Amino acid sequence: MKPVWVGISAIILSAIGIAGCIMGALSDWTAFAHAWLSTYVFWLGIPLAGTTLVLVHDLSGGEWMETARPALAAAIMTMPLASLAGIPAFVDLKSLYSWTSPPPGLPNVFYLNPTGFFVRFGVDLVLWNGLAAFALWGPREGKEPIPPRLSWLSGIGLIILAFSASFAAIDWILSLEPTFWSSIFSYAQLASWFNTGMAMVVFTVAVWGWPTDQRRQHMSDLSRILLATTIFWAYVEFMQILIIWEENLKTEIPWYLKRLDSPWHPAIYVSAGLGFVVPFFVLLWAPSKYSRGVVATICLLILASRIAHTWLLLMPEFTGPTPFWLDVAALFALGGLMGLLFAFGLRDVRRREPTGSPLWTPDHA
Amino acid sequence: MNELFGIVAEFATPQAVRTAAEDLRRAGFRVFEAYTPYPVEGLDRIIHPAPKPVLPLVMFAAAVIGAGWGYWIQFWDEALNYPLNVGGRPFNSWPAFMVGTFEFMLLVTVAAGFFGMLATSGLPRLYHPIFEANAFARASSDRFVICVEAIDSRFDAAAVRALFKRLGADRIEEVPA
């Protein structure tokens, strides 16, 4: 498919999605807010993961960056859109979070209050876009990480990113149930975000064509990273279940029961099956990491699993169920815009590439 | 004439031994081995172009067996042999069994990998005919040694000697079996 067709289909998808969202918002703002929060949380993973991987590479190095750099740059370029996209959902906090009118005796109102929420949202926006700019425009070239004298910046950036994204996960997702607390929850959400973006980046790398076998090696390296982080996600997610299951506390168990008893129950199997079981057993076998078709398929499955996971986290918390078409419309509305920006980012990065044979040509696309 | 194990050639540089390996393979030889003081980039792929997937398969099978075994131990103990009501949870409490299952899977897999590695490399082995070669003494410090073994179907002592000479070997010698 030529890039121009990617762009056109993205615009059409987005237009349909936005029309659906407008219809939904006019008839029921609360339902729209729920759907929009889900799409926001899902798509945010792409720029967050892109920024994270570039900063990690600054510290670790790795040949694979030569192939991954354009896709990562395109992912990072979506940061302004992806981070600001939360605003429609947060316009009316009352429609999302019960702690906006806290029941008497809720002990954590010093943290969970609208002022604090918006201050943290603003700080996140500034930090993330700053780090994205640093990851995008820092002095790096091809597979080379940032010069050693600047690598301390990447280290600090990663720590900032981990903390701010953890707070964001707590604010936006965990606080839907203000009495529930799980200290490992942020890790699970960070891993989920990373897998979302990583699946997008590796998918882009896989559907590209390459002139050399070396690129195939890079793709297998990236698949290895993806395999490791899907294992990590499954590990922390399972640890959360195990600990809560063993504690058997009245304040924690209902969080899971609510999901088991909701219409979103099947999403558990999509999330765990496509997000861990299938990728784990497929990518475990070495030759599959070198096959573009297999890697691209696995990445799509992981993306699907992350959508299901996001819905599973958010939707059962809302008492008035959102119509499913509205959830999908919101997903497309933001997803189309993200895809458009991502495709532009790819082209833009390609144009700035100084040497080497073009990766994105009509025969490869 | 004595029975031969093979013919050994000694080279001074890693490039030379790699070229020699490539030429041997191109000439149709299959059973030859290089002995170098450190891993020479690409040499293993020239001598063994397609690694046998035996060990990974053995380890995967061991992982499946180990996981089943580990789960069975806990299931047998907690649900069949000595069922104990812990906080009203089911006797077959799979979330709690997962940690033990995982650990036991690791134990069996790593053990299979360790012993499988020894078996596929023919270890432990206290003696090897290559020890008799004088050239072998420096293969662990600063020389690169390659040996064509007599069991190769194309082996012919004179031809191999000629090939090594053409490749510029510093020393060529026969190794008795």
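Remember, predicted model here, so these are calculated numbers, not experimental data.

Student: Just checking my understanding: could you explain helix 9 (residues 185-207) of chain A for this structure?
Tutor: The terminal C-alpha atoms of helix 9 of chain A lie 33 Å apart, and with 23 residues this matches the ideal 33 Å at 1.5 Å per residue to within 8%. Within helix 9 of chain A, 22 of the 23 residues are buried, leaving the element largely enclosed by the surrounding structure.

Student: Looking at this model, I keep getting lost on the nonpolar core. Mind explaining?
Tutor: Within soluble globular proteins, side chains that are nonpolar tend to cluster in buried spots. Formed by 101 residues in total, the largest nonpolar core has its most connected members in Ala75(A), Ile76(A) and Val202(A). Per-element tally for this core: the top contributor is helix 9 of chain A, with 15 residues. Apart from residues no more than four positions distant in its own chain, Ile76(A) is found in contact with Pro47(A), Gly50(A), Thr51(A), Val54(A), Ala132(A), Ala135(A) and Leu136(A). Counting 26 residues, the second largest nonpolar core, distinct from the first, contains Ala21(B), Phe29(B), Ile146(B) and Leu163(B).

Student: Could you clarify how one ought to interpret the interface of chain A and chain B in this entry?
Tutor: The accessible area lost on association of the parts is a frequent measure of interface size. At the junction of the two partners, chain A supplies six residues and chain B supplies four residues. Partitioned by chemical class, the residues of the side of chain A that touches chain B number four nonpolar, one polar and one charged.

Student: So what exactly am I meant to see when it comes to the pairing of strand 2 (residues 32-35) of chain B here?
Tutor: The two faces of the sheet receive side chains in turn, since in a regular strand these alternate between them. Residue and element names in this part refer to chain B. Across the two faces of strand 2 the burial differs, with Phe32 and Ala34 buried and Glu33 and Tyr35 not buried at all. Of the pairings in the sheet, the one linking strand 2 to strand 3 (residues 144-149) comprises four bridges and is antiparallel in character. Its bridge partner being in strand 3, alanine 34 is matched across the sheet by isoleucine 146.

Student: Could you clarify how one ought to interpret the domain arrangement of chain B in this entry?
Tutor: The domain boundaries assigned to chain B delineate domain 1 (4-51 + 127-176) and domain 2 (54-121). Domain 1 of chain B and domain 2 of chain B are separated by 44 Å when their C-alpha centres are compared.

Student: What exactly am I supposed to notice about the packing of helix 4 (residues 65-77) of chain A against helix 9 of chain A here?
Tutor: Relative orientation and spacing of two packed helices are given, respectively, by the angle between their axes and the distance between those axes. Residues and elements named next belong to chain A. The interhelical angle for the contact between helix 4 and helix 9, taken along N-to-C directions, is 130°, at an axis separation of 9 Å. As far as their axial angle goes, helix 9 and helix 4 are oblique. By crossing handedness, the relation of helix 4 to helix 9 is classed as right-handed. Mapping the contact onto sequence places Thr67, Ala68, Ala71, Leu72 and Ala75 in helix 4 and Gly197, Met200, Val201, Thr204 and Val205 in helix 9. Residues belonging to the contact of helix 4 with helix 9 are distributed by class as follows: seven nonpolar, three polar and no charged.

Student: Got a minute to help me understand the environment of Leu26(A) in this structure?
Tutor: Relative to the helices and strands, Leu26(A) is located in helix 1 (residues 3-27). The spatial distance from the C-alpha of Leu26(A) to the C-alpha of Phe167(A) is 31 Å, given a sequence separation of 141 residues.

Student: Can you walk me through the confidence of the model for chain A in this structure?
Tutor: Residues shown with low pLDDT carry predicted positions that ought not to be read at fine detail. The pLDDT averaged across chain A works out to 87; a share of 93% of its residues lies at or above 70. A low-confidence stretch, residues 354-365 of chain A stays under pLDDT 50, and its non-local contacts, those more than four residues away or across chains, total 19 contacts.

Student: Please clarify how helix 3 (residues 45-60) of chain A should be interpreted in this entry.
Tutor: Residues spaced three or four apart along an α-helix face the same direction, because each turn holds 3.6 residues. Across its 16 residues, helix 3 of chain A extends 22 Å between first and last C-alpha, which sits within 8% of the 22 Å expected from 1.5 Å per residue. Residue Gly61(A) follows helix 3 of chain A closely and has a positive phi angle near 75°.

Student: Help me out: how do you make sense of the environment of Pro323(A) in this one?
Tutor: Residue and element names in this part refer to chain A. Looking at the secondary structure, you find proline 323 in the loop between helix 13 (292-314) and helix 14 (324-352). Judged by C-beta crowding, with 14 C-beta atoms within 10 Å, proline 323 ranks as partly exposed. Taking the C-alpha atoms as reference points, proline 323 and phenylalanine 32, 291 residues apart in sequence, are found 9.2 Å from one another.

Student: Help me out: how do you make sense of the packing of helix 10 (residues 213-247) of chain A against helix 12 (residues 265-284) of chain A in this one?
Tutor: All names here are of chain A. Close contact between helix 10 and helix 12 brings their axes to 9 Å; oriented N to C, the two are set at 140°. Judged on the interaxial angle alone, helix 12 and helix 10 are oblique. Read as a crossing pair, helix 10 and helix 12 show a hand that is left-handed. Residue-level inspection shows Ser223, Leu227, Thr230, Ile231, Trp233 and Ala234 of helix 10 in contact with helix 12, the latter providing Gly275, Phe276, Pro279, Phe280 and Leu283. Looking at side-chain class alone, the contact of helix 10 with helix 12 contains eight nonpolar, three polar and no charged residues.

About the thresholds
- Residues numbered from 1 in each chain as written.
- Chains lettered and ligands numbered in written order.
- Predicted model: local features only at pLDDT ≥ 70, side-chain atom pairs only at ≥ 80, totals over all residues.
- Helix = DSSP H or I, 4+ residues; strand = E, 2+ residues; numbered from the N terminus.
- Expected span 1.5 Å × (residues − 1).
- Buried ≥ 20, exposed ≤ 12 C-beta atoms within 10 Å, placed from the backbone.
- Core = buried A, V, L, I, M, F, W, Y, C linked by C-beta atoms within 7 Å.
- Contact = placed C-beta atoms within 7 Å.
- Nonpolar A, V, L, I, M, F, W, Y, C, P; charged D, E, K, R; others polar.
- Pairing = 2+ DSSP bridges.
- Domains from an automatic or database assignment.
- Axes fitted to C-alpha atoms, helices over the stretch in contact; angles between N-to-C directions.
- Parallel < 35°, antiparallel > 145°, perpendicular 65-115°, else oblique.
- Left-handed = near helix turned anticlockwise from the far one by under 90°.
- pLDDT = per-residue confidence, 0-100.

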